[in-house]
Amino acid sequence: MQYSVIEVSPNIRLATDEAFGDFNVYIVKETLCYVDMTFSDALQIPCSSIDKCTVRYNYFKDNPMCSNLGNDRIIYLHTRGDFWCQWIYQFAHEYCHHIINGTMTSELSGLMWFEESVCELASMYNLNSLFRIWSQYPQSVQRHYAPSFQDYLNDLLAKNPELYASTLHPKFLQSWDSLLRGNVYHRDHYNAIAARMFPLFLENPYLWKMILHIGDSRQWNSLEELFAHLERNADDSYSDSLIQLKNLLIP
């Protein structure tokens, strides 16, 4: 299939597709750019320096995904029209997978549950960032829409109250271990874990630097093993926050 391509930024392209419906190209480009900018600020790297990717519509599944196509990285989204909250929610999640840069297979082994939780967190974090940015915009369209990002985020944070309550108990991950390691997505659990981690990343955005050192999540046998590796690679801007995160997950 032939696509015309919109250059969102030097490292992000959007393949046009009628399945996306009619949407405001300028604003969709802006939201996708802000995800790159938000991550770049947190990672302390230049904007548009993250590896290139192409965004396409997902005809294969009813959910977004990040995969390789030959030598290209494709982020497939399943959204349409000017539902800008969903554009940023889906893209931020898959862009986080893209940055982590694992093997991009569908196998749920090792600590893929943790990567999925971190990518859910990426959506929450970017929704919050865009809410704060658009709330200050002089343009009425963005300023008027900004509260929708906050509402979408609040719905995510309150989505699984019982599971979230479980995360407040010490060693909650031990009781979820066999479930999380199964070869089935447990998105409600990922959401609850993400909501629990969210305040630490708001407090110190440089904590996002840890995703540069995760690599293939399937290679890790335990969270303890991964965090030992992450701590060895942490710099002073987030090492204390990383210990806080470890203590939250592995008390």
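One numbering rule holds for all chains: residues counted from 1, following each sequence as written. In keeping with the model being predicted, local features are shown solely for residues with a pLDDT of at least 70 and side-chain atom pairs are shown and tallied solely at 80 or more, while totals for entire chains, interfaces and linings include all residues. The basis for every side-chain value is the complete set of non-hydrogen atoms in the structure, without hydrogens or water.

What is the right way to look at the side chain of T31 in this model?
Under the scheme used here, helices are H or I runs from DSSP no shorter than 4 residues and strands are E runs no shorter than 2 residues, and both carry numbers assigned from the N terminus. Position of T31 among the secondary structure elements: in helix α1 (residues 25-43). Residue contacts follow a heavy-atom distance rule, with two residues in contact if any of their heavy atoms lie within 4.5 Å. The residues touching T31, leaving out its near neighbours within four places in the chain, are I88, L130 and W134.

Help me out: how do you make sense of the pattern of salt bridges in this one?
Salt bridge criterion: a side-chain nitrogen from Lys or Arg within 4 Å of a carboxyl oxygen from Asp or Glu. This structure, assessed with the given rule, holds 4 salt bridges. Residues D216 and R218 are paired through a salt bridge, measuring 3.5 Å at the closest nitrogen-oxygen approach. Relative accessible area decides the class of each residue, using a 1.4 Å probe on protein chains only: under 20% of the type maximum gives buried, over 50% gives exposed, and in between gives partly exposed. Classification of D216 as partly exposed rests on a relative accessible area of 21%. Residue R218 is classed as buried on the basis of its relative accessible area of 15%.

Can you walk me through the sheet that holds strand β2 (residues 12-15) in this structure?
Hydrogen bonding along the main chain pairs the strands of a sheet, whether they run parallel or antiparallel. Ordered by their spatial adjacency, 5 strands build an open sheet running β1-β2-β3-β5-β4, and the pairing between neighbours is mixed. With one partner strand each, in any of the chains shown, β1 (5-9) and β4 (65-69) form the two edges of the open sheet. Taking each pair of neighbouring strands and ignoring which way they run, the sheet shows an average axis angle of 30°. With 4 bridges connecting them, β1 and β2 associate as antiparallel partners. When the sheet's bridge partners are listed, S9 is paired in β2 with I12. One bridge is not enough; two strands pair if DSSP finds at least two bridges between them. Here, axes are lines fitted to C-alpha atoms. For helices the fit covers the stretch in contact, and angles between N-to-C directions go from 0 to 180 degrees.

Please clarify how the packing of aromatic side chains should be interpreted in this entry.
Two aromatic rings, taken as a pair, are described by how far apart their centres are and by the angle between their planes. Think of it this way: a Phe, Tyr or Trp ring, Trp meaning its six-membered ring, pairs with another when their centres are within 6.5 Å, and the plane angle makes it stacked under 30 degrees, edge-to-face over 60, tilted otherwise. What the rule picks out here adds up to 22 aromatic pairs. Relative to W208, the ring of Y125 lies with its centre 5.5 Å away and its plane at 65°, an arrangement referred to as edge-to-face. Separated by 83 residues along the polypeptide, Y125 in helix α3 (residues 112-135) and W208 in the loop between α7 (187-203) and α8 (223-233) bring together distant segments of the chain. Classification of W208 as buried rests on a relative accessible area of 0%. Through successive ring pairs, a cluster of aromatic residues spans F39, F91, Y95, Y125, F201 and W208. When the NZ atom of lysine or the CZ atom of arginine is within 6 Å of a ring's centre and also within 35 degrees of its normal, the charge is said to sit over that ring. Note that R187 overlies the ring of Y185, its terminal NZ or CZ placed 4.3 Å from the centroid. Note that K209 overlies the ring of Y206, its terminal NZ or CZ placed 5.2 Å from the centroid.

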